[in-house]
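Inside the fold
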Amino acid sequence: METNKVKTKKVGICRREILVPEIKGSFKQIIQKAELGKLSLTDGDIKSGIRSSLRELWRASTRAVFLEGIRRETLIEGKHRLSVKCKECKRVMWIGAKERVKLKNGKLSKKAKSVFQVDHVHGCHPFTEYEDLGKFAKDLFHGELRVLCYSCHQSHTDKQSKAKRS
Ligand SMILES: [Zn+2]
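Below: a short report on this structure.

Here the focus is the overall build of the protein chain. Helix and strand content of the protein chain: five helices and nine strands. Moving toward the C terminus, one meets the helices and strands of the protein chain in the order β-β-α-α-α-β-β-β-β-β-β-α-β-α. Per-residue burial over the protein chain gives 10% buried out of 166 residues. Long-range pairs, those at least 24 residues apart, make up 41% of the contacts in the protein chain with a sequence separation of at least 6.

So, in structure tokens, the structure goes:
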């Protein structure tokens, strides 16, 4: 069977170009075939898959409950809107607001992103070895949370990673 290079946006838990046999049918079926064993997953793929699945679950559970508890109705641009406040700079932000944000390279992001981020005050235990998974999950789901605006969150995570490196 001839193989065709199929560029995929996202295949299961990994993002990469894959070689799959030419299959008639929808793109979805191709992906399903790929997932059923045509792809070899590396250990890194599996770990990043676990990480992103848990983050997704966190977004839908702990994070959602947290936001529900702290959001307030505020008058923003003449409208009553549910909003949150940045713990650092006290900026009040509408929960649904998105804007293009300044990236590390100084350019604006192509896509508009949420203006605020829910941050783990004490960070999360890094999940690099399977033995760390429990600690990572505990921090992720039970760690103290706060709202930061995008730029305060950026400078905070920059500081955190600098501290880790030194
Ligand atoms: Zn801020």
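The next point concerns the sheet that holds strand S4 (residues 79-85). Across the sheet, three strands lie side by side as S3-S4-S5; this open sheet has antiparallel pairing. The open sheet terminates on both sides in strands that have one partner only, identified here as strand S3 (72-76) and strand S5 (92-94). This sheet shows a mean twist of 60° between the axes of neighbouring strands, independent of strand direction. Pairing between S4 and S5: three bridges, direction antiparallel. In the strand pairing of S5, serine 83 is matched with tryptophan 94.

Our next topic: the nonpolar core. In this structure, Val84, Cys86, Met93, Phe116, Val147, Leu148, Cys149 and Cys152 together form the largest nonpolar core, which totals eight residues. Per-element tally for this core: the top contributor is strand S9 (residues 145-149), with three residues. Among residues more than four places away in sequence, those in contact with cysteine 86 are Arg91, Met93, Phe116, Val147, Leu148, Cys149 and Cys152.

Moving on to the packing of helix H2 (residues 43-60) against helix H3 (residues 62-70). Closest axis-to-axis distance for the H2/H3 pair is 3 Å, and the angle between their directions is 25°. Judged on the interaxial angle alone, H3 and H2 are roughly parallel. Note on element contacts: H3 touches H2 through Thr62, Arg63 and Ala64, opposite Trp58, Arg59 and Ala60. When grouped by side-chain class, the residues that make up the contact of H2 with H3 number three nonpolar, one polar and two charged.

Within the fold, serine 61 resides in the loop between H2 and H3. Judged by local crowding, serine 61 falls into the exposed class, with 11 C-beta atoms found within 10 Å. Between the C-alpha atom of serine 61 and that of phenylalanine 141, which follows or precedes it by 80 residues, the distance is 8.5 Å.

Rules used throughout
- Residues numbered from 1 in each chain as written.
- Predicted model: local features only at pLDDT ≥ 70, side-chain atom pairs only at ≥ 80, totals over all residues.
- Helix = DSSP H or I, 4+ residues; strand = E, 2+ residues; numbered from the N terminus.
- Buried ≥ 20, exposed ≤ 12 C-beta atoms within 10 Å, placed from the backbone.
- Contact = placed C-beta atoms within 7 Å.
- Pairing = 2+ DSSP bridges.
- Axes fitted to C-alpha atoms, helices over the stretch in contact; angles between N-to-C directions.
- Core = buried A, V, L, I, M, F, W, Y, C linked by C-beta atoms within 7 Å.
- Parallel < 35°, antiparallel > 145°, perpendicular 65-115°, else oblique.
- Nonpolar A, V, L, I, M, F, W, Y, C, P; charged D, E, K, R; others polar.

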